[in-house]
Amino acid sequence: MATNENVITARGLRKSYGKIEVLKGIDLTVQKGTMLALLGPNGAGKTTTVRILSTLLKHDDGEVLINGYDVSRDADKVRSVIGLTGQSAAVDELLTGRENLVMMGRLYRLTARSAKARADELLAEFDLVDAADRTVKTYSGGMRRRLDLAVSLIASPPIIFLDEPTTGLDPRSRIAMWDIIKKLMSAGTTILLTTQYLEEADQLADRIVVIDGGKVIAEGTATELKAKVGKDRLELVFKKTSDYKAAVKHLGGEVVDTNDKEQSLALIINDTNKDVRRVLDTIASKNISVESMAVHKPTLDDVFLSLTGKQKQTTEEEA
Ligand SMILES: Nc1ncnc2c1ncn2[C@@H]1O[C@H](COP(=O)(O)OP(=O)(O)O)[C@@H](O)[C@H]1O
Ligand SMILES: [Mg+2]
């Protein structure tokens, strides 16, 4: 990450389908060797954005530069530096995993020998060796996603677009995909990933752009976004109501009864170190007995809710 060079730049991106404007002026940049997560609910405009950035769809207004190439004027050059993985399945169900990779390699004009070698390399890297010679229609969802990503990497592109790579995967396959994505990141690939999962953006991305209704509604690092919405909470649990009451009386500040049973409370705090020390001192000096105590930082869920007014999307849809 030696340079600050933006390898992906979109300015004022607009797109309408008929009379409906689905992108209303999107701005985003991605620095070389970093990952940007484009985070937003269903219908926010993520796929539309990615399809424009990867030359598959024309925009109505605005400018897109990929590695310095304009997507409208230099589409071929753009295509030569990107890989795209997404909801549009690039793999052929009737071929085996290996055949898909070799075929794509040949399309990218690798020699038969190097296409085969590259396929072997990717099959190993994506944990598909055992399944390599089975037709794709026998693959699980997680295996298909991995193959789809492997196919998009056949020509070792320096920039990749991952459109919801883990949506609908079970938690284990999701973690496996995250590991693969982390490997790509450590190899220096520039990545634009779209997701509806806050946790995914939080775990993987260097920066996050939140979109909703075709507009950017927030951007920053996960930490910056969290800092915007809220303060830390210090939560205390008591065995006895008398201890709870003593704590409320002596702690001062903004106290919330967290279970309506006078057994646990949350204290909104500004300066975690200072406030925790103060609370501990008070508890000791007033002989208050505390069962447990924890500091909770705001999560991206809180950010999302406060920005969009929409309920968070959880990763536990399978549960
Ligand atoms: N081909 C299309 N024709 C008409 N409307 C579309 C088309 N593709 C997407 N849309 C609409 O554009 C909006 C954004 O879609 P999309 O970019 O797929 O969102 P996301 O990927 O964030 O779920 C949605 O309201 C969707 O219904
Ligand atoms: Mg989409």
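Residues numbered from 1 in each chain as written. Chains lettered and ligands numbered in written order. Predicted model: local features only at pLDDT ≥ 70, side-chain atom pairs only at ≥ 80, totals over all residues.

## Let's talk about the domain arrangement of the protein chain
Under the domain assignment, the protein chain is made up of domain 1 (6-227) and domain 2 (231-297). Relative placement of domain 1 and domain 2: their C-alpha centres are 45 Å apart. (Domains from an automatic or database assignment.)

## Brief notes about the environment of Glu125
Structurally, the position occupied by Glu125 is in helix H4 (residues 112-125). As a C-alpha pair, Glu125 and Thr223 span 98 residues in sequence and 31 Å in three-dimensional space. (Helix = DSSP H or I, 4+ residues; strand = E, 2+ residues; numbered from the N terminus.)

## Some thoughts on the sheet that holds strand S10 (residues 215-220)
The strand order S6-S7-S8-S3-S9-S10 describes an open sheet built from six strands, whose pairing is mixed. The sheet is open, and its two edges are formed by strand S6 (82-85) and S10, each paired on a single side. Along the sheet, successive strands turn relative to each other by an average axial angle of 15 degrees, direction set aside. Note that strand S3 (residues 35-39) and strand S8 (residues 190-195) share five bridges and pair parallel. Each bridged residue has a counterpart across the sheet, and for Leu38 the counterpart in S8 is Thr194. In the packing of helix H1 (residues 46-53) onto the sheet, the strands contacted are S3, strand S7 (159-163), S8 and strand S9 (207-212), and the crossing angle to S7 comes to about 155 degrees. Sitting on the sheet, helix H5 (residues 141-152) is in contact with S6 and S7, with an inclination near 165 degrees to S6. (Pairing = 2+ DSSP bridges. Axes fitted to C-alpha atoms, helices over the stretch in contact; angles between N-to-C directions. Contact = placed C-beta atoms within 7 Å.)

## Description of the site of ligand 1
In the neighbourhood of ligand 1, the contacting residues comprise Tyr17, Val22, Gly40, Asn42, Gly43, Ala44, Gly45, Lys46, Thr47 and Thr48. For the shell around ligand 1, the residue count by class is three nonpolar, six polar and one charged. (Near = placed C-beta within 6 Å. Nonpolar A, V, L, I, M, F, W, Y, C, P; charged D, E, K, R; others polar.)

## Examining the sheet that holds strand S11 (residues 232-237)
A sheet is described by the order of its strands in space; here four strands give the open sequence S12-S13-S11-S14, paired in antiparallel fashion. A strand with exactly one partner marks an edge of an open sheet, and here the two such strands are strand S12 (255-257) and strand S14 (292-296). Taken over all neighbouring pairs, the strand axes of this sheet differ in orientation by 20 degrees on average, direction set aside. Across three bridges, S12 lies against strand S13 (residues 264-269) in antiparallel orientation.

## What to know about H5
End to end, H5 covers 17 Å across 12 residues, agreeing with the expected 16 Å (1.5 Å per residue, within 8%). Burial within H5 is extensive, with nine of its 12 residues counted as buried. Three or more residues of H5 are buried, namely Met143, Arg145, Arg146, Leu147, Asp148, Leu149, Ala150, Val151 and Ser152. Of the surrounding secondary structure, the elements contacted by the buried residues of H5 are S6, helix H3 (97-107), H4, S7 and helix H6 (171-186). (Expected span 1.5 Å × (residues − 1). Buried ≥ 20, exposed ≤ 12 C-beta atoms within 10 Å, placed from the backbone.)

## Quick look at the nonpolar core
Within the largest apolar cluster, 46 residues are counted, with the highest numbers of intra-cluster contacts made by Leu36, Ala37, Leu53, Ile66, Leu192, Ala201 and Ile208. No other element matches the five residues that S3 contributes to this core. The contacts of Ile66, once residues within four sequence positions are left out, are Val7, Ile8, Leu53, Val71, Val78, Val81, Ile82 and Ile159. Residues Met104, Leu123, Leu128 and Ala150 belong to the second largest nonpolar core, which totals 19 residues. (Core = buried A, V, L, I, M, F, W, Y, C linked by C-beta atoms within 7 Å.)

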